[in-house]
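This is what each chain is made of:
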Amino acid sequence: MSAIEFNNASFTYDGKTNAFEDISLTVREGEFLCVLGGNGSGKSTLAKHINALLAPDSGTVYILGRDSADPANTYYIRSNAGMVFQNPDDQIVASVIENDVAFGPENLGVPTEELRERVTAALKQVGLQGFETRETTSLSGGQKQRVAVAGVLAMEPSILVFDEASAMLDPRGRAGLMRVCRELNEAGLTIILITHFMEEAALADRIVVLENGHIALMGTPDEVLTQFDVLERLSLEVPFAVSMSHELRKRGVPVKMHVDAASLEDEIASLLAGGDAR
């Protein structure tokens, strides 16, 4: 069964202009999908459909086999498709970490003993074991975001959506959050990452690029992130290795387009060793 299915789905906020239009997209269970796009491209609107915060005006969206437009499925979908937003302060509701992480599952009616186990397990998953009694106001931005992730994980979702969740973090915080993303995906969660950081996108199994509510590009990181001209037109910064590959090729150096800096370095070293670089 697919985790997520958009079938010719369209949505408009004002009844006139589509936030996205005629989107068809299938995400398999356990996939790590990244969604890229400029401001107004429809990224966050797409994310809110995965959590049934919004429903399409036309077409269908199925989450774990349930039609998101059917109100009878809303509770199930929101219990199984968790979201982590850009600002953790908008998501943290309690002053003590263990109480905050317990908030979601407690409202689902999880028994007290199981609730304790879920809180402990969720904090361990995000690397905050032993932080149970710390005050949330004492945490760094990256730690707060991990608490927000733990609060969603304690609800035991099958799908986790990160909606620009690293946008307000420093490089260290972003690296920590991405490490958590990878580990959760390796543990079997379906991850949807909405970001504008290309280095994060490079870690995904597949990338979708939105432009004015339509899918402009879709494929593996190597297939998408090497589309230098398209990404430049969309005002999306390409990874350093892609930019450098493009510049070397313009100067006549016969390198492939690389997403990963290490692989570009290896090819340059090989060319130099063979005396072919110029």
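Residues numbered from 1 in each chain as written. Predicted model: local features only at pLDDT ≥ 70, side-chain atom pairs only at ≥ 80, totals over all residues. Heavy atoms only, no water.

Q: How would you sum up the sheet that holds strand 5 (residues 66-67)? Please name residues and give values.
A: Sheet architecture is open: four strands sit in the order 2-1-4-5, paired in antiparallel fashion. Strands with a single pairing partner mark the edges of an open sheet, and in this sheet they are strand 2 (18-28) and strand 5. Taken strand by strand, helix 1 (residues 43-50) contacts strand 1 (2-12), strand 2 and strand 4 (58-63), and its axis lies near 125° from that of strand 1. (Pairing = 2+ DSSP bridges. Helix = DSSP H or I, 4+ residues; strand = E, 2+ residues; numbered from the N terminus. Contact = heavy atoms within 4.5 Å. Axes fitted to C-alpha atoms, helices over the stretch in contact; angles between N-to-C directions.)

Q: Which residues make up unusual backbone geometry, and what values go with them?
A: Even without being glycine, N8 reaches a positive phi, approximately 50°. Looking at the secondary structure, you find N8 in strand 1. For N8, a relative accessible area of 44% gives the class partly exposed. Within the chain, E164 stands out as a residue other than glycine whose phi angle is a positive 55°. E164 gets classed as buried once you look at its relative accessible area, which sits at 13%. (Buried < 20%, exposed > 50% of the residue type's maximum accessible area, 1.4 Å probe, protein only.)

Q: Quick rundown of the sheet that holds strand 8 (residues 190-194)? Include the residues and the values.
A: Within the open sheet, the six strands sit side by side as 6-7-8-3-9-10. Their pairing is mixed. The sheet is open, and its two edges are formed by strand 6 (81-84) and strand 10 (214-219), each paired on a single side. Here the average twist between neighbouring strands, direction ignored, is 20°. In this structure, strand 3 (residues 32-37) lies alongside strand 8, joined through four bridges in parallel fashion. From the neighbouring strand, V35 faces strand 8, where its bridge partner is I194. In the packing of helix 1 onto the sheet, contacts are made with strand 3, strand 6, strand 7 (159-163), strand 8 and strand 9 (206-211), and the angle to strand 7 comes to roughly 155°.

Q: How would you explain the nonpolar core if you had to name every residue and give the values?
A: By size, the foremost hydrophobic cluster in this structure holds 51 residues, and its most contacted members are L36, V101, V149, L160, F162 and V209. Examining the composition of this core, we find that six residues originate from one element, helix 5 (residues 141-153), more than from any other. (Core = buried A, V, L, I, M, F, W, Y, C linked by side-chain atoms within 4.5 Å.)

Q: Kindly report on the packing of helix 5 against helix 6 (residues 171-186), identifying the contributing residues and their values.
A: Packed helix pairs are specified by the crossing angle of their axes together with the interaxial distance, meaning the distance between the axes. It is at 9 Å that the axes of helix 5 and helix 6 come closest, and there the two elements cross at 20°. Judged on the interaxial angle alone, helix 6 and helix 5 are roughly parallel. Between helix 5 and helix 6 lies a crossing of right-handed hand. From helix 5, G142, Q145, R146, V149 and L153 reach across to helix 6, where they touch G173, L177, V180 and L184. Among the residues forming the contact of helix 5 with helix 6, the class breakdown is five nonpolar, three polar and one charged. (Parallel < 35°, antiparallel > 145°, perpendicular 65-115°, else oblique. Left-handed = near helix turned anticlockwise from the far one by under 90°. Nonpolar A, V, L, I, M, F, W, Y, C, P; charged D, E, K, R; others polar.)

Q: Pulling in residues and values, what's your account of the packing of aromatic side chains?
A: Inspection of every chain in the model, using the stated rule, returns two aromatic pairs. Taken together, a centroid distance of 6.2 Å and an interplanar angle of 75° make the contact between F6 and F20 edge-to-face. Taken together, the residues span a long stretch of sequence, with F6 in strand 1 and F20 in strand 2 at a distance of 14 residues. An identical accessibility class is assigned to F6 and F20; each is buried. Between F11 and Y13 the ring centres are 4.8 Å apart and the planes differ by 90°, which places this aromatic pair in the edge-to-face class. The exposure class assigned to F11 is buried, which follows from its relative accessible area of 7%. Geometry around Y76 places R66 over its ring, the cationic atom sitting 3.8 Å from the centre. (Phe/Tyr/Trp six-rings, centres within 6.5 Å; stacked < 30°, edge-to-face > 60°. Lys NZ or Arg CZ within 6 Å of the ring centre and 35° of its normal.)

It is worth stressing that arrangement in space is one thing and function is another; only the former is reported here.
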